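Listed below are the residues making up each chain.
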Amino acid sequence: MDPRVSDISTVLATPDRWQAWRALRLRSLREDPHAFGSTHEAEARFGEETWRARLDGTSGPAVLAYVGDTAVGMGAGWLHEPGHLMVVAMWTDPGWRGRGVGGAVLGHVIDWAEERGQRVGLWVADANPAARRLYERSGFRTDGRREPMREGSLETKTHLIL
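S.K.: Looking at this model, I keep getting lost on the nonpolar core. Mind explaining?
M.R.: Considering soluble globular proteins, one finds that nonpolar side chains tend to be buried as a cluster. By size, the foremost hydrophobic cluster in this structure holds 24 residues, and its most contacted members are Val87, Met90, Val101, Leu106, Leu122, Tyr135 and Phe140. Among the elements of the structure, β2 (62-67), β4 (84-92), α5 (101-115), β5 (119-125) and α6 (129-137) are those that each provide at least two residues to this core. Once you skip the residues sitting within four places of it in the chain, Tyr135 turns out to touch Met90, Leu106, Leu122, Val124, Phe140 and Leu160. Ranked by size, the runner-up nonpolar core spans 17 residues in total, among them Trp18, Phe36, Tyr66 and Met74.

Below you can see the structure in the form of structure tokens.
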């Protein structure tokens, strides 16, 4: 096993971990705004109640990746329709990219979905080829759908399914 990967642990982000989730999520939106359908401005307005509700597990898993006590990555799944989980909010601290963090988080989310009989899909920013390579290495393939990243955006995203 790659020694870099052995240092990474993943945990479900429950409501009691809302501050760690919020900090990483806002950082991801600030540092890589092109990669997400949401914006830092929108989510910075959320209060504690909203952050805790996002982590209560009812709409899917939220996963944090740690190296020691430091959160270095995140990702989640959203049960957007019966039998289908959409992978969302995937992000890795730039200093930890290429070391298996994204794969560890994605694996945790996929395992959660498969244990519950959910089909897994996601949208990936076309401007993020590294993320697309991660998803394709994990077995995702395009179903041909493509659309703007968010309303009014010229940037596009592609839908992938596992």
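S.K.: What should I look at first to understand the pattern of salt bridges in this one?
M.R.: Where charged atoms from two side chains of opposite charge come close, those side chains can pair. For the coordinates displayed, the defined rule picks out 11 salt bridges. For Arg54, the salt bridge is made with Glu43, and the minimal N-O distance between the two is 3.3 Å. Placement of Arg54 in helix α4 (residues 48-54) and of Glu43 in helix α3 (residues 40-44) is noted, with a sequence separation of 11 residues between them. Among the residues examined, Glu43 registers a relative accessible area of 2% and is labelled buried. A salt bridge links Arg146 to Asp126; the nearest nitrogen and oxygen atoms lie 2.8 Å apart. Taken as a pair, Arg146 in strand β6 (residues 141-148) and Asp126 in the loop between β5 and α6 lie far apart in primary sequence, 20 residues in all.

S.K.: Looking at this structure, I do not really get unusual backbone geometry. What am I missing?
M.R.: What is expected of a backbone is that most residues other than glycine have negative phi and most peptide bonds are trans. Despite not being glycine, Ala89 has its phi angle at roughly 60°, a positive value. Within the element layout of this structure, Ala89 appears in strand β4.

What counts and how
Residues numbered from 1 in each chain as written. Predicted model: local features only at pLDDT ≥ 70, side-chain atom pairs only at ≥ 80, totals over all residues. Heavy atoms only, no water. Core = buried A, V, L, I, M, F, W, Y, C linked by side-chain atoms within 4.5 Å. Buried < 20%, exposed > 50% of the residue type's maximum accessible area, 1.4 Å probe, protein only. Helix = DSSP H or I, 4+ residues; strand = E, 2+ residues; numbered from the N terminus. Contact = heavy atoms within 4.5 Å. Salt bridge = Lys/Arg side-chain N within 4 Å of Asp/Glu carboxyl O.

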